[in-house]
Amino acid sequence: MPKAPPEWQPPTDPSGPSAPPEFTPPRDPGTAPRTVPEFEPPEQVPPGKGAPTPGRPARPEEIPDPERDPLRTPERRRETREPDEEPAEEPEPEEQDAMAAVVAYVEHCQEVLSIEDERGGGIEVGIGQNSCPAALLYHPMGYSAVVNMHGANVVSWKRPDGSDILHLRPDTPMDGASPILGGVPLIFPQYGRASGIAAYAGVGSSSVPTNGLLNRMHWSLIGTGVTGLDAPDPAPTAVFATESDESTYAIWPFHFQAFYTVSLMCTDEILPDNLNLKPITRGKREPTEEELAAAAAAQAAAAPKRGRGRPNKWKALGDKGNAEEEEEEEDADEDIEEAEEAWPVQLRCVLEIVNTGDEPFTFEAAVQSHVGIGQMASAEAQGLAGKMVLDCDSNPDKPWLHMSTDDSTTFGERRMDRVYIDAGNEKSGSVMIYPGNHRYHLELIHREGFRDLGLWNPHHDLPDPSMFNDFIAFSSGEIARPVRLEPEESWSGEMVLRLHEEKPDEHVQWENMGDWES
Ligand SMILES: O=P(O)(O)OC[C@H]1O[C@@H](O)[C@H](O)[C@@H](O)[C@@H]1O
């Protein structure tokens, strides 16, 4: 089976000279030059990085091919060349400038936004395999995730043993301009092809590419944070942003901003005020006093009762005595142990869209998780009984609407392309995804604006037909009923993917079911 390439490397010299706080992305071929929202350093800069934390997971592998390493200067390339090796082609000066801008941006982000939390989790900024900036989130329980800033795609979500839950397609372009295939791409303003479910929902536009714009746009890292010590785990979180520009108006004539928040956590919910994030002005409107007061009251009501209301992390790091410090460390350890027992680690992704123009617009939006599987025949989704389903299995351009009578659906030797309406949300209960590997399963929860579940496996539509056997994709989204946003309004959707590691004997029990005697 072809292996997807590694996707992240740390910057070589994070302590290097202070970099200009701007990143000029490579140009999309055939489109006008575009910019990303300007990077602003956070107001609350994390304190000193401190000593390496025991139990910290290994970083994702480094890029093995030095010719792809944008941090290498032409001189360093010459120095490391074998005597009989052909000289590598020197990058064009324009390309070198683009790489230097990426390196400068990454070093700046690393300097200002990286966090190493005393509980063992944190965030680092590095360079992805497509030479675009990428953020690494790591959790004290040994899980890590990488978000590539081209498309804000979560390209990897690794377990402590280094195995990846997500699937990056081996045929993915990694040119920093085309969408990354696999991982967790973002979908907006159109789900899939213009002619399929999007047309049924009334938003299909032939000028908009399959799955829309966000997965081909460059995003900026605008904030990082961890939860305060009163939460059971640090829950590393990164917030990314992008916005419409001349190149997107040519395809879809509306003005928007998009924000994307990615967290790795065992805490069930992150309360925004408990994250030490730089405050971000979203859209044109600042929250009113009443809204702020209501948010604070909601947070106080929902705050975990344990932890004896300790102050948040940065305050806690101030002047405290040793005894108090030790007590806090013990409490933090207990909290993590408790959290390990109480909650699985989960990936939480929140997409927010703001209408920054003068006209209303209508859209579909989703986050589409590609998960590597064991056996296709035993990969299935459960929790679907009684759902209305828009089914494009046999014809991608003509969905037919029917009701699912089965609670589960199994992927298999066929194309799967359907959307279950009102599935996986709080009202309907979560959906379970079994990747057919007998090692773990995923619980999918939709909140806020996400109400639908898309299931997709392209079968033989892929360039190499054997590739379809390696993954399934499921979208958490607002797909069947498009959202209409008035100027200055915003919308958000939340997906939580909880990872349930299976104990070996759970399966022994299932496999032996046939031998049971009652
Ligand atoms: O045009 P392609 O390559 O078949 O891709 C379209 C598909 O893209 C997938 O991402 C969507 O989930 C499907 O609903 C859609 O049909």
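What counts as what
Residues numbered from 1 in each chain as written. Predicted model: local features only at pLDDT ≥ 70, side-chain atom pairs only at ≥ 80, totals over all residues. Heavy atoms only, no water. Helix = DSSP H or I, 4+ residues; strand = E, 2+ residues; numbered from the N terminus. Buried < 20%, exposed > 50% of the residue type's maximum accessible area, 1.4 Å probe, protein only. Pairing = 2+ DSSP bridges. Salt bridge = Lys/Arg side-chain N within 4 Å of Asp/Glu carboxyl O. pLDDT = per-residue confidence, 0-100. Contact = heavy atoms within 4.5 Å. Core = buried A, V, L, I, M, F, W, Y, C linked by side-chain atoms within 4.5 Å. Patch = residues over 30% accessible without salt bridge, like charges linked within 9 Å, V, L, I, M, F, W, Y side chains within 5 Å. Areas by Shrake-Rupley, 256 points an atom, 1.4 Å probe, with all protein chains shown as cover. Near = heavy atom within 4 Å. Polar contact = N/O pair within 3.5 Å; in protein donor to acceptor, adjacent residues only side chain to side chain. Phe/Tyr/Trp six-rings, centres within 6.5 Å; stacked < 30°, edge-to-face > 60°. Axes fitted to C-alpha atoms, helices over the stretch in contact; angles between N-to-C directions.

Draft legend 1. Here's a closer look at the overall build of the protein. Across its full length, the protein holds eight helices and 22 strands. The buried share of the protein, taken over its 518 residues, is 55%.

Draft legend 2. Up close: the sheet that holds strand β15 (residues 400–403). Spatially, β7-β12-β21-β20-β17-β14-β15 is the arrangement adopted by the seven strands of the open sheet, whose pairing is antiparallel. Lying at the two open borders of the sheet, with one neighbouring strand each, are β7 (186–187) and β15. Sheet topology note: the strand β12 (residues 361–372)/strand β21 (residues 471–485) ladder contains eleven bridges and is antiparallel. For Gly 372, the partnering residue across the bridge sits in β21 and is Phe 471.

Draft legend 3. The arrangement of the pairing of strand β6 (residues 153–158) in detail. Burial within β6 is extensive, with six of its six residues counted as buried. Counted along the chain from strand β5 (residues 144–148) to the antiparallel partner β6, the turn is four residues long, and its residue Gly 151 has a positive phi close to 85°.

Draft legend 4. Structural view of the pattern of salt bridges. Inspection of every chain in the model, using the stated rule, returns 15 salt bridges. Here Asp 452 ties to Arg 481 by a salt bridge, and the two come within 2.8 Å at their closest N and O atoms. Placement of the pair is Asp 452 in strand β20 (residues 452–457) and Arg 481 in strand β21, with a sequence separation of 29 residues. Arg 481 gets classed as partly exposed once you look at its relative accessible area, which sits at 26%.

Draft legend 5. Fine view of the confidence of the model for the protein. Chain-level pLDDT for the protein is 75 on average; 65% of the residues reach the 70-or-more range. Low pLDDT, under 50, characterises residues 278–287; the stretch is placed with 26 contacts to residues that sit more than four places away or in other chains. Long-range and interchain partners of residues 505–518, a stretch whose pLDDT sits below 50, account for four contacts in this model, where long-range means more than four residues apart. Of the two predicted TM-score estimates for the complex, the pTM is 0.75 and the ipTM is 0.94.

Draft legend 6. Geometry of the nonpolar core. Ranked by internal contacts, the top residues of the largest apolar core, which has 80 residues, are Trp 157, Leu 214, Trp 219, Phe 240, Tyr 260, Leu 351 and Ile 353. Looking at this core, the element that brings in the most residues is helix α2 (residues 93–113), giving seven residues. Contact partners of Ile 353, with chain neighbours within four places excluded, come to Phe 188, Leu 214, Phe 256, Gln 257, Ala 258, Phe 361, Phe 363, Leu 485, Glu 489, Ser 490 and Trp 491. The next biggest cluster of nonpolar side chains, apart from the first, holds ten residues, and it includes Ile 197, Ala 366, Leu 390 and Ile 421.

Draft legend 7. Representation of a nonpolar patch on the surface within the structure. Taken together, Tyr 200, Met 388, Leu 401 and Met 403 make up a surface patch of nonpolar side chains, about 380 Å² in accessible area. The topology assignment puts Leu 401 in strand β15. Its relative accessible area of 41% is what places Leu 401 among the partly exposed residues.

Draft legend 8. Representation of the environment of Leu 229. On the secondary structure map, Leu 229 appears in the loop between β8 (220–225) and β9 (237–243). Of the residues examined, Leu 229 reaches a relative accessible area of 2% and is grouped as buried. A C-alpha to C-alpha distance of 9.9 Å links Leu 229 and Glu 118, two positions 111 residues apart in sequence.

Draft legend 9. Molecular detail of the site of the ligand. By nearness alone, every residue bordering the ligand is listed as Tyr 191, Gly 192, Arg 193, Thr 210, Asn 211, Gln 368, Asp 417 and Trp 456. The separation between an oxygen atom of the ligand and a polar side-chain atom of Tyr 191 is 3.0 Å. Between the ligand and the protein, one listed contact pairs an oxygen atom with a side-chain N or O atom of Gln 368 at 2.9 Å. For the ligand, whose accessible area on its own is 390 Å², the fraction buried by protein is 81%.

Draft legend 10. Expanded view of the side chain of Asp 245. Among the structural elements, Asp 245 can be located in the loop between β9 and α4 (246–249). A polar contact is formed between the side chain of Asp 245 and the side chain of Ser 247, at a distance of 2.8 Å.

Draft legend 11. The arrangement of the packing of aromatic side chains in detail. All told, the structure shown has twelve aromatic pairs when counted by the stated rule. An angle of 65° between the planes, with centres 5.0 Å apart, marks the rings of Trp 252 and Phe 361 as edge-to-face. With Trp 252 in the loop between α4 and β10 (256–265) and Phe 361 in strand β12, the pair connects residues that are 109 residues apart, well separated along the chain. Ring-pair connections join several aromatic residues into one group, and the members of that group are Phe 188, Trp 252, Phe 254, Phe 256, Phe 361, Phe 363, Phe 450 and Trp 491.

Draft legend 12. Broad picture of the sheet that holds strand β11 (residues 346–355). With antiparallel pairing, nine strands are arranged side by side in an open sheet as β8-β9-β10-β11-β22-β19-β18-β13-β16. Each edge of the sheet is formed by a strand with only one pairing partner; in this case those strands are β8 and β16 (408–410). Ignoring strand direction, the axes of neighbouring strands in this sheet form an average angle of 15°. Inspection of the sheet shows β9 paired to β10 by seven bridges, in the antiparallel sense. Each bridged residue has a counterpart across the sheet, and for Ala 238 the counterpart in β10 is Val 262.

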